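What follows is each chain in one-letter form.
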Amino acid sequence: MDLFEYQGKQLFARYGIPVSDGAPVTTVPEAVEVADRIGYPVVVKAQVQVGGRGKAGGIKLAANSDEAKAHAEAILGMDIKGHVVKVVWIERASDIAEEYYASFTLDRGAKLHLGMLSAQGGVEIEQVAEENPDAIARIHVDPVDGLTEAQCREWVAAAKLNPAATEGAVEILLRLYRAYTEGDADLVEINPLILTPDGRVHALDAKVTLDDNATFRHPDYVDYDATQVRDAREEFAHQQGLQYVGLEGSVGVIANGAGLAMSTVDIVNQVGGSPANFLDIGGGANADVMAGALGVIVSDPNVRSIFINIFGGITKGEEVANGIVQALDRVQIDAPIVIRLDGTNADEGRKILEPRLSDRLQLQPTMLDAARKAVELAGGVPK
Ligand code: GDP
Ligand code: MN
């Protein structure tokens, strides 16, 4: 899950990474109160999980209470690329001499952690990577060995930061690596990491993605979960413990296993349709799970047809079929359903479905046939 900037900064602060003194607020009076307490100038920052807030007018400097009030009024409720601002973070403004970029993420191909550091920060790193790839110093870190101070020094030297920033950068990067690994993050990014005119290095922004599968190790992460931004469909799915990602299309997709669910999304695209979602119901395709999944799918007004793609492995075909049949009696479904059922005990499963089959509930022999039929029923012309 992605954190808001203020949550990322609070996480960084726990690992001793210097961030500005600040507080999140949701109302204008609170914003002024916090700004008065922190002391001017302050920065009023929109808390939305999208980049380029500055350019969109979501980051403003305030020199006094009146300006803090005006900026908080303007930014709270602002729409930034479809994200409505509900929280602003007020922090002590920093003087900036230079802006750098620093991050750690997982390089799955290399099976190692990847650190990136650049003297060209404050802009999108993708842009730096494209226009000036040599300006990014990369380091691969073996998770077993960790990042040593010596390696970190070499890395900082390679990035050619201002020498005045060296000590501060080394210290912050070692701490950032700890936050990344001990915090079970998939990404930690500081952009910009700044050097102040008086020689301090400091995180001015924070982007953190945590690994949802590690939340059991961090009981306090439930607070982050509570502030996650989900659309209505995703919220509904989340409540039922389903692995669901909302998409824009019209073919609702249900599959067992993340790999098959991804392939199902792909094949719907391949035959010229557009999937409404990714949904992995996992191993136990019983009636409860199937009813929950169908409930989420039909809550999406864009769905015109439903493609249930099941390959029985440990899950047996008759269990899936019973799950579908019982779910159909429990959930009001207007969209036609196309089922592909293969694998363990598929024949037994198909027999159970047989009496229920109609134009509205079809079995197709292969995944490709089923995808084409689902796309056709959604109003498309399958390839
Ligand atoms: P983003 O645009 O969403 O990535 O938001 P950032 O938090 O990275 O801020 C964007 C830019 O605003 C930074 O690169 C800085 O140039 C500027 N900025 C943010 N905070 C401060 C501050 O405290 N002082 C000054 N002078 N500029 C700031
Ligand atoms: Mn930034």
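Note that the coordinates shown come from a computational prediction; the quantities given were computed from them, not determined experimentally. Each chain carries its own residue numbering, running from 1 in the written order of its sequence. In the order they appear in the text, chains get letters beginning with A and ligands get numbers beginning with 1. Under the rules for a predicted model, residues below a pLDDT of 70 receive no local features and side-chain atom pairs below 80 are neither given nor counted, while totals for whole chains, interfaces and linings still include all residues. Note: side-chain values were computed over all heavy atoms of the structure, leaving out hydrogens and water.

A.B. asks: Mind showing me how you'd approach the packing of aromatic side chains here?
C.D. replies: One pair of aromatic rings is described through two measures. These are the centre distance and the angle between the planes. Only Phe, Tyr and Trp rings take part, Trp by its six-membered ring, and two of them pair if their centres are within 6.5 Å. Stacked means planes under 30 degrees apart, edge-to-face means over 60, and tilted covers everything else. What the rule picks out here adds up to seven aromatic pairs. With centroids separated by 6.4 Å and ring planes inclined at 15 degrees, the aromatic side chains of Tyr 6 and Trp 89 adopt a geometry described as stacked. Of this pair, Tyr 6 sits in helix H1 (residues 5–14) while Trp 89 sits in strand S6 (residues 88–92), and the two are 83 residues apart along the sequence. Trp 89 carries the same exposure label as Tyr 6, and that label is buried. Relative to Tyr 177, the ring of Phe 104 lies with its centre 5.3 Å away and its plane at 70 degrees, an arrangement referred to as edge-to-face. With Phe 104 in strand S7 (residues 98–107) and Tyr 177 in helix H6 (residues 166–182), this residue pair connects regions lying 73 residues apart in the sequence. By the burial criterion, Phe 104 is buried, and Tyr 177 matches it. In this structure an aromatic cluster arises from ring pairing among Phe 104, Trp 155, Tyr 177 and Tyr 180. Think of it this way: any DSSP run of H or I at least four residues long counts as a helix, any run of E at least two long counts as a strand, and we number them from the N terminus. With a 1.4 Å probe rolled over the protein chains alone, any residue whose accessible area is under 20% of its type maximum counts as buried; one over 50% counts as exposed, and the rest are partly exposed.

A.B. asks: What should I look at first to understand the packing of helix H9 (residues 258–270) against helix H13 (residues 367–377) in this one?
C.D. replies: A pair of packed helices is captured by two measures, namely the crossing angle of their axes and the spacing between those axes. Orientation of H9 relative to H13, taken along the N-to-C sense of each, is 55 degrees, at an axis distance of 9 Å. As the angle between them shows, H9 and H13 are arranged oblique. Here H9 runs over H13; the crossing is right-handed. Contacts between H9 and H13 involve Leu 260, Ser 263, Thr 264, Ile 267, Val 268 and Gln 270 on the former and, on the latter, Met 367, Leu 368, Ala 371 and Val 375. In this classification, the charged set is Asp, Glu, Lys and Arg, the nonpolar set is Ala, Val, Leu, Ile, Met, Phe, Trp, Tyr, Cys and Pro, and all remaining amino acids, among them Gly, are polar. Class assignment of the residues belonging to the contact of H9 with H13 gives a composition of seven nonpolar, three polar and no charged. Here, axes are lines fitted to C-alpha atoms. For helices the fit covers the stretch in contact, and angles between N-to-C directions go from 0 to 180 degrees. For classification, angles of less than 35 degrees are called roughly parallel, those exceeding 145 degrees roughly antiparallel, those between 65 and 115 degrees roughly perpendicular, and all remaining angles oblique. By convention, the crossing between two helices is left-handed when the near helix turns anticlockwise from the far helix through less than a right angle, and right-handed when the turn is clockwise. Contacts are residue-level and defined by heavy atoms, with any inter-residue pair within 4.5 Å sufficient.

A.B. asks: Got a minute to help me understand the coordination of the manganese ion (ligand 2) in this structure?
C.D. replies: Each metal's donors are the N, O and S atoms found within 2.8 Å of it, except that Na, K and Ca use a 3.2 Å limit; water is left out, so coordination can look incomplete. At the metal site, the manganese ion (ligand 2) is ligated by Asn 191 (O) and Asp 205 (OD), and these contacts range over 2.2 Å. Of this pair, Asn 191 sits in strand S10 (residues 185–195) while Asp 205 sits in the loop between strand S11 (201–203) and strand S12 (207–210), placing them 14 residues apart in sequence. For Asp 205, a relative accessible area of 19% corresponds to the buried category.

A.B. asks: Explain the domain arrangement of the protein chain here, please?
C.D. replies: For interface size, the figure often reported is the accessible area lost on association. Domain segmentation is taken from an automatic or database assignment of domains. What the domain assignment reports for the protein chain is domain 1 (21–92), domain 2 (98–221) and domain 3 (232–377). For domain 1 versus domain 2, the distance between C-alpha centres works out to 26 Å.

A.B. asks: Would you mind going over the sheet that holds strand S1 (residues 22–25) with me for this structure?
C.D. replies: Note: strands within a sheet are paired through backbone hydrogen bonds, in either parallel or antiparallel orientation. In this description, strands pair whenever DSSP reports at least two bridges between them. The four strands are arranged S1-S6-S2-S3 in an open sheet whose pairing can be described as antiparallel. Each end of this open sheet is capped by a strand with a single partner; those strands are S1 and strand S3 (59–62). Across the sheet, the mean angle from the axis of one strand to that of its neighbour is 20 degrees, orientation sign disregarded. As defined by bridge partners, S1 adjoins S6 across four bridges and the pair is classed as antiparallel.

A.B. asks: Looking at this model, I keep getting lost on the packing of helix H10 (residues 287–298) against helix H11 (residues 317–330). Mind explaining?
C.D. replies: With their axes 8 Å apart at the nearest point, H10 and H11 run at an angle of 50 degrees to one another. When the axes of H10 and H11 are compared, the pair comes out oblique. Between H10 and H11 the crossing geometry is right-handed. Across the interface between the two elements, Ala 287, Asp 288, Met 290, Ala 291 and Leu 294 from H10 touch Val 320, Gly 323, Ile 324, Gln 326, Ala 327 and Arg 330 from H11.

A.B. asks: Please explain the site of ligand 1 as it appears in this structure.
C.D. replies: Residues are counted as near a molecule or strand when any one of their heavy atoms sits within 4 Å of it. Around ligand 1 sit 14 residues, and of these Lys 45, Arg 53, Ser 94, Glu 99 and Asp 205 come closest. Identification of polar contacts relies on pairs of N or O atoms within 3.5 Å, with a donor-acceptor requirement for protein atoms, meaning one able to donate a hydrogen and the other able to accept it, and with residues adjacent in sequence counted only if both atoms are side-chain atoms. Interatomic distance of 2.8 Å between a side-chain N/O atom of Glu 99 and an oxygen atom of ligand 1. Between an oxygen atom of ligand 1 and a main-chain N or O atom of Asn 191, the distance comes to 3.1 Å. Surface accessibility in these figures is a Shrake-Rupley result with a 1.4 Å probe; residues are shielded only by whichever protein chains are displayed. Starting from 570 Å² of accessible surface for ligand 1 in isolation, the protein chains cover 77%. Each of domain 1 (21–92) and domain 2 (98–221) gives at least three residues to the shell around ligand 1.

A.B. asks: Can you walk me through the pattern of salt bridges in this structure?
C.D. replies: Oppositely charged side chains are able to pair whenever their charged atoms sit close together. Each salt bridge in this description consists of a side-chain nitrogen of Lys or Arg and a carboxyl oxygen of Asp or Glu lying within 4 Å of one another. Within this structure, the stated rule accounts for 23 salt bridges. Measuring nitrogen to oxygen at the nearest pair gives 3.0 Å for the salt bridge that ties Glu 149 to Arg 153. Of this pair, Glu 149 and Arg 153 both sit in helix H5 (residues 149–158), four residues apart, which is roughly one turn of that helix. Judged by relative accessible area, which is 43%, Glu 149 ranks as partly exposed. Using a relative accessible area of 31% as the deciding quantity, one classes Arg 153 as partly exposed.

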